[in-house]
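# Geometric and topological summary
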Amino acid sequence: MYGRCHCGNVRFDLAWPEGLDRVPARMCACTFCQKHGATWTSHPDAKLVVQVTDPAQVERYRFGTETADFHVCRGCGVPVIATSRIEGREYAVVNVNTLEDFDPARLDRGSADFEGESFSDRLARRQSRWIADVRFVVTPV
(Lines give C-alpha, C1' and ligand atoms only; values in the text may rest on other atoms or scores of the structure.)
Protein backbone atom coordinates (compact mmCIF):
# COMPACT_ATOMS: atom_id res chain seq x y z
CA MET A 1 0.00 0.00 0.00
CA TYR A 2 1.13 3.53 -0.51
CA GLY A 3 -0.15 7.02 0.14
CA ARG A 4 0.63 10.68 0.35
CA CYS A 5 -0.54 14.07 1.50
CA HIS A 6 -2.49 16.17 -1.03
CA CYS A 7 0.54 18.05 -2.40
CA GLY A 8 2.86 15.00 -2.34
CA ASN A 9 5.50 16.42 0.00
CA VAL A 10 4.93 13.49 2.41
CA ARG A 11 4.63 10.05 0.82
CA PHE A 12 4.79 6.58 2.29
CA ASP A 13 5.04 2.90 1.43
CA LEU A 14 3.24 0.61 3.83
CA ALA A 15 4.12 -3.08 3.63
CA TRP A 16 1.06 -4.78 5.10
CA PRO A 17 1.50 -8.30 6.53
CA GLU A 18 0.99 -11.11 4.00
CA GLY A 19 -2.41 -12.77 4.03
CA LEU A 20 -4.24 -9.92 5.77
CA ASP A 21 -6.78 -8.52 3.34
CA ARG A 22 -8.80 -6.52 5.87
CA VAL A 23 -7.41 -3.25 7.24
CA PRO A 24 -8.61 -1.87 10.59
CA ALA A 25 -9.49 1.82 10.46
CA ARG A 26 -10.08 3.62 13.76
CA MET A 27 -11.57 7.08 13.93
CA CYS A 28 -10.21 8.60 17.11
CA ALA A 29 -12.58 10.61 19.29
CA CYS A 30 -9.97 13.29 20.14
CA THR A 31 -10.69 16.79 18.87
CA PHE A 32 -7.61 16.88 16.60
CA CYS A 33 -8.65 13.77 14.69
CA GLN A 34 -12.30 14.81 14.63
CA LYS A 35 -11.48 18.24 13.21
CA HIS A 36 -9.15 16.75 10.57
CA GLY A 37 -11.30 13.74 9.71
CA ALA A 38 -8.29 11.49 10.33
CA THR A 39 -8.82 7.73 10.55
CA TRP A 40 -5.84 5.60 11.53
CA THR A 41 -4.54 2.13 10.81
CA SER A 42 -1.62 0.08 12.00
CA HIS A 43 -0.41 -3.46 12.45
CA PRO A 44 2.59 -4.43 14.59
CA ASP A 45 4.00 -6.57 11.75
CA ALA A 46 3.67 -3.88 9.05
CA LYS A 47 6.65 -1.92 7.72
CA LEU A 48 6.48 1.80 6.96
CA VAL A 49 8.85 3.94 4.91
CA VAL A 50 8.01 7.66 4.97
CA GLN A 51 9.51 9.82 2.22
CA VAL A 52 9.62 13.59 2.68
CA THR A 53 10.66 16.01 -0.05
CA ASP A 54 10.91 19.15 2.13
CA PRO A 55 11.19 18.41 5.86
CA ALA A 56 10.78 22.12 6.67
CA GLN A 57 7.22 21.78 5.32
CA VAL A 58 6.25 19.09 7.82
CA GLU A 59 4.89 20.21 11.18
CA ARG A 60 5.07 17.85 14.14
CA TYR A 61 2.07 18.71 16.28
CA ARG A 62 1.68 17.51 19.88
CA PHE A 63 -1.14 18.05 22.33
CA GLY A 64 -2.75 16.47 25.38
CA THR A 65 -0.36 13.92 26.88
CA GLU A 66 2.32 14.92 24.33
CA THR A 67 3.15 11.27 23.69
CA ALA A 68 2.52 11.35 19.92
CA ASP A 69 3.60 13.58 17.05
CA PHE A 70 1.08 14.20 14.30
CA HIS A 71 3.00 14.80 11.07
CA VAL A 72 1.04 17.46 9.19
CA CYS A 73 2.12 18.80 5.81
CA ARG A 74 2.34 22.60 5.98
CA GLY A 75 1.81 22.82 2.23
CA CYS A 76 -1.62 21.20 2.13
CA GLY A 77 -2.60 20.69 5.79
CA VAL A 78 -3.04 16.92 5.68
CA PRO A 79 -2.09 14.82 8.74
CA VAL A 80 -0.42 11.80 7.12
CA ILE A 81 0.99 9.80 10.03
CA ALA A 82 1.35 9.94 13.78
CA THR A 83 4.41 8.65 15.59
CA SER A 84 5.31 7.86 19.17
CA ARG A 85 8.87 7.30 20.40
CA ILE A 86 8.84 4.63 23.11
CA GLU A 87 12.01 3.27 24.69
CA GLY A 88 14.11 4.57 21.80
CA ARG A 89 11.92 3.08 19.07
CA GLU A 90 9.59 4.91 16.70
CA TYR A 91 6.03 3.53 16.36
CA ALA A 92 3.50 4.85 13.83
CA VAL A 93 -0.07 4.86 12.57
CA VAL A 94 -1.14 5.90 9.07
CA ASN A 95 -4.14 8.03 8.11
CA VAL A 96 -6.18 5.75 5.80
CA ASN A 97 -7.59 8.82 4.06
CA THR A 98 -4.14 9.36 2.52
CA LEU A 99 -3.97 5.92 0.85
CA GLU A 100 -3.76 5.99 -2.96
CA ASP A 101 -5.26 3.38 -5.33
CA PHE A 102 -6.70 1.53 -2.36
CA ASP A 103 -10.10 -0.14 -2.22
CA PRO A 104 -11.90 1.38 0.81
CA ALA A 105 -14.10 -1.74 0.96
CA ARG A 106 -11.08 -3.44 2.59
CA LEU A 107 -11.40 -1.17 5.64
CA ASP A 108 -12.96 -2.40 8.86
CA ARG A 109 -14.11 0.96 10.18
CA GLY A 110 -14.60 1.60 13.86
CA SER A 111 -14.12 4.27 16.47
CA ALA A 112 -11.73 4.60 19.37
CA ASP A 113 -11.82 6.75 22.49
CA PHE A 114 -8.71 6.88 24.65
CA GLU A 115 -10.00 9.42 27.16
CA GLY A 116 -8.95 8.40 30.64
CA GLU A 117 -6.33 5.94 29.45
CA SER A 118 -3.29 6.03 31.73
CA PHE A 119 0.09 7.12 30.40
CA SER A 120 1.60 3.64 30.79
CA ASP A 121 -1.44 1.91 29.24
CA ARG A 122 -1.29 4.30 26.28
CA LEU A 123 2.35 3.54 25.57
CA ALA A 124 1.82 -0.22 26.05
CA ARG A 125 -1.12 -0.15 23.59
CA ARG A 126 1.01 1.61 21.00
CA GLN A 127 3.87 -0.85 21.44
CA SER A 128 1.53 -3.79 20.91
CA ARG A 129 -0.62 -2.38 18.06
CA TRP A 130 1.23 0.34 16.17
CA ILE A 131 3.67 -0.18 13.27
CA ALA A 132 7.04 -0.97 14.87
CA ASP A 133 9.23 -0.87 11.73
CA VAL A 134 9.31 2.82 10.75
CA ARG A 135 11.90 4.55 8.58
CA PHE A 136 12.08 8.17 7.37
CA VAL A 137 13.84 9.13 4.13
CA VAL A 138 14.43 12.63 2.76
CA THR A 139 14.03 12.59 -1.03
CA PRO A 140 14.69 16.11 -2.37
CA VAL A 141 13.42 16.99 -5.83
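To keep things clear, this report deals only with the structure shown in the data block.

Definitions and limits used
Residues numbered from 1 in each chain as written. Predicted model: local features only at pLDDT ≥ 70, side-chain atom pairs only at ≥ 80, totals over all residues. Heavy atoms only, no water. Pairing = 2+ DSSP bridges. Helix = DSSP H or I, 4+ residues; strand = E, 2+ residues; numbered from the N terminus. Axes fitted to C-alpha atoms, helices over the stretch in contact; angles between N-to-C directions. Contact = heavy atoms within 4.5 Å. Salt bridge = Lys/Arg side-chain N within 4 Å of Asp/Glu carboxyl O. Buried < 20%, exposed > 50% of the residue type's maximum accessible area, 1.4 Å probe, protein only.

## Focus: the sheet that holds strand E9 (residues 89-95)
- Within the open sheet, the seven strands sit side by side as E6-E7-E8-E9-E4-E3-E11. Their pairing is mixed. At either end of the open sheet lies a strand with only one pairing partner, and these are strand E6 (58-61) and strand E11 (107-112). The mean angle between the axes of side-by-side strands here comes to 35°, regardless of whether they run parallel or antiparallel.
- Contacts from helix H2 (residues 119-129) reach strand E8 (79-86) and E9 within the one sheet, and its direction differs from that of E8 by about 110°.

## Quick word on the pattern of salt bridges
- Counting across every chain of the model gives nine salt bridges.
- Its salt-bridge partner being Arg60, residue Asp69 comes within 3.2 Å of it at the nearest N-O pair.
- Using a relative accessible area of 9% as the deciding quantity, one classes Asp69 as buried.
- According to the relative accessible area criterion, Arg60 is partly exposed, its value standing at 43%.
- Among the ionic pairs, Arg85 bridges to Glu90, the shortest N-O distance being 2.9 Å.
- Looking at Arg85, the relative accessible area reads 53%, which means it is exposed.
- Each of Arg60, Arg62 and Asp69 takes part in a single network of salt bridges with overlapping partners.

## Here's the deal with the sheet that holds strand E2 (residues 10-15)
- Ordered by their spatial adjacency, five strands build an open sheet running E10-E1-E2-E5-E12, and the pairing between neighbours is mixed. In this open sheet, the two edge strands, each paired with only one partner strand, are strand E10 (99-100) and strand E12 (133-138).
- Where strand E5 (residues 47-52) lies against E12, six bridges are found, and the strand directions are parallel. Each bridged residue has a counterpart across the sheet, and for Leu48 the counterpart in E12 is Val134.

## A word on the side chain of His71
- With respect to the helices, strands and loops of the structure, His71 is situated in strand E7 (residues 69-73).
- Accessibility expressed as a relative area gives 4% for His71, which makes it buried.

## Notes on the pairing of E9
- Burial analysis of E9 places six of its seven residues in the buried class, which makes it a mostly covered element.
- The pairing of strand E4 (residues 39-41) with E9 spans two bridges and is antiparallel. The partner of Thr41 across the bridge, within E9, is Val94.
- Two elements, E8 and E9, share six bridges in a ladder whose sense is antiparallel. Bridge assignment links Ile81 to a residue of E9, and that residue is Val94.
- Counting the residues that bridge the hairpin from E8 to E9 gives two residues, and of these Glu87 lies at a positive phi of roughly 50°.

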